[in-house]
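Chain and residue survey
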Amino acid sequence: MTKVRLIIDSGSNDQANSDLTVVPLTMTISGKDFVDNENLNIEEFIASMEKNTEEGKTSCPSINEWLEALSGSKRAIIMTITSGLSGSFSSAFQAKQIYEKDHPDSHVIVVDSRTAGPEISVILQEIQKLVNSNARFVDLEQKISDYKTHTHLLVVLKSLHNLALNGRVNMAVAKVAKVLNIDVVGTASDEGKLEPLAKVRGIKRALKEIIKLMGEMKYQGGHVIIDQCKDMKDAETLKAKILELYPEAAITIRPMRGLCTFYAEEGSLMIGFDDL
């Protein structure tokens, strides 16, 4: 198979490498832009969010940025953060149409992940396996779609402040949750939006709920990716709890990048896995 370029946006929390191109989104807090690339000072970004009292915003990569990422490729797969939170997919798809028109011998697949963070990375790992297999490029889009039906995302949110500022939840609810030490456990809905599943008091109960939900989602002990926002302690505790039940599980813990931090905030966890 012709070499396939893999391109994602920064909503996955992955870092760029020789086999992966990452196109950054931009977050705006109190009029200041924070580009979600390797130069982002996450401490400064979090501090700006905590002091902020007005709606922030995110900006998806421009069509030109996607075109730059595609430049020189004949085969490429782009995967974006869910279209339920960002215009990244729409921008990438427009870039695909322009690029294929200007380069008639090229073929670009654009995937709306319908999720964020570590679930994107789980899907990306399967895409990398498919690309390195004997599968035909024309068959990859369907194979990726089929695999996505087996992947899952769970989240633990300790703060709803920024979600409230951006109209995702009621501000009164966010304040009550903070006062009562209520953690929200949620998932990515079929539409790619946050779907709360449980409200529990304290992180111990939240982690217990995560383990229960993973079982209900038919997790069988495969690879798990835990993304944490300045909460390594709870990430390690969750890892240990998973290993108690699934000793053979391969578990990766990573820091969140800016875009996921914008929505999930400090103290949050995002857990991606499949049920195969």
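Preceding this section is the structure that the text describes.
Because the structure is predicted, anything quoted here is derived from the model rather than measured. (Residues numbered from 1 in each chain as written. Predicted model: local features only at pLDDT ≥ 70, side-chain atom pairs only at ≥ 80, totals over all residues. Heavy atoms only, no water.)

On to the nonpolar core, then. L6, F45, I77, M79, I127 and L140 are the most contacted members of the largest nonpolar core, which totals 42 residues. Here the element with the most residues in this core is helix 4 (residues 118–131); it accounts for 6 residues. In this structure, I77 is in contact with V4, R5, L6, I7, I109, V111, I127, V131, F137, L140 and I144, ignoring residues within four places of it in sequence. Membership of the second largest hydrophobic core comes to 24 residues, among which are I210, Y219, I242 and F273. (Core = buried A, V, L, I, M, F, W, Y, C linked by side-chain atoms within 4.5 Å. Buried < 20%, exposed > 50% of the residue type's maximum accessible area, 1.4 Å probe, protein only. Helix = DSSP H or I, 4+ residues; strand = E, 2+ residues; numbered from the N terminus. Contact = heavy atoms within 4.5 Å.)

This paragraph deals with the packing of helix 8 (residues 203–216) against helix 9 (residues 232–245). For the pair helix 8 and helix 9, the least separation of the axes is 11 Å and the interaxial angle reads 40°. Judged by the inter-axis angle, helix 8 sits oblique to helix 9. Considering how the two elements wind past one another, helix 8 and helix 9 form a crossing that is right-handed. Note on element contacts: helix 9 touches helix 8 through D234, T237, L238, K241, I242 and L245, opposite I203, L207, I210, I211 and M214. (Axes fitted to C-alpha atoms, helices over the stretch in contact; angles between N-to-C directions. Parallel < 35°, antiparallel > 145°, perpendicular 65-115°, else oblique. Left-handed = near helix turned anticlockwise from the far one by under 90°.)

Okay, the pairing of strand 3 (residues 26–29) next. Alternating positions in strand 3 separate into two faces, T26 and T28 on one and M27 and I29 on the other, with burial throughout. The pairing of strand 3 with strand 4 (residues 32–35) spans 4 bridges and is classified as antiparallel. The residue of strand 4 that forms the bridge with T26 is V35. In textbook terms, the turn of a hairpin is the stretch between consecutive antiparallel strands, and for strand 3 and strand 4 this stretch comprises 2 residues, one of which, S30, has a positive phi near 50°. Here 3 bridges tie strand 3 to strand 5 (residues 57–59), and the two strands are oriented antiparallel to one another. Considered in strand 5, the bridge of M27 is made with T58. (Pairing = 2+ DSSP bridges.)

It is worth spelling out the packing of aromatic side chains at this point. Going through the model one piece at a time under the given rule, you end up with 5 aromatic pairs. Here the aromatic rings of F262 and Y263 are separated by 5.1 Å at their centres, their planes lie at 90°, and the arrangement is edge-to-face. Like F262, the residue Y263 is buried in the burial classification. An aromatic cluster is present here, built from Y219, Y246 and F273 joined pairwise through their rings. Directly above the aromatic system of F137 lies the positively charged group of R75, at a separation of 5.8 Å from the ring centroid. (Phe/Tyr/Trp six-rings, centres within 6.5 Å; stacked < 30°, edge-to-face > 60°. Lys NZ or Arg CZ within 6 Å of the ring centre and 35° of its normal.)

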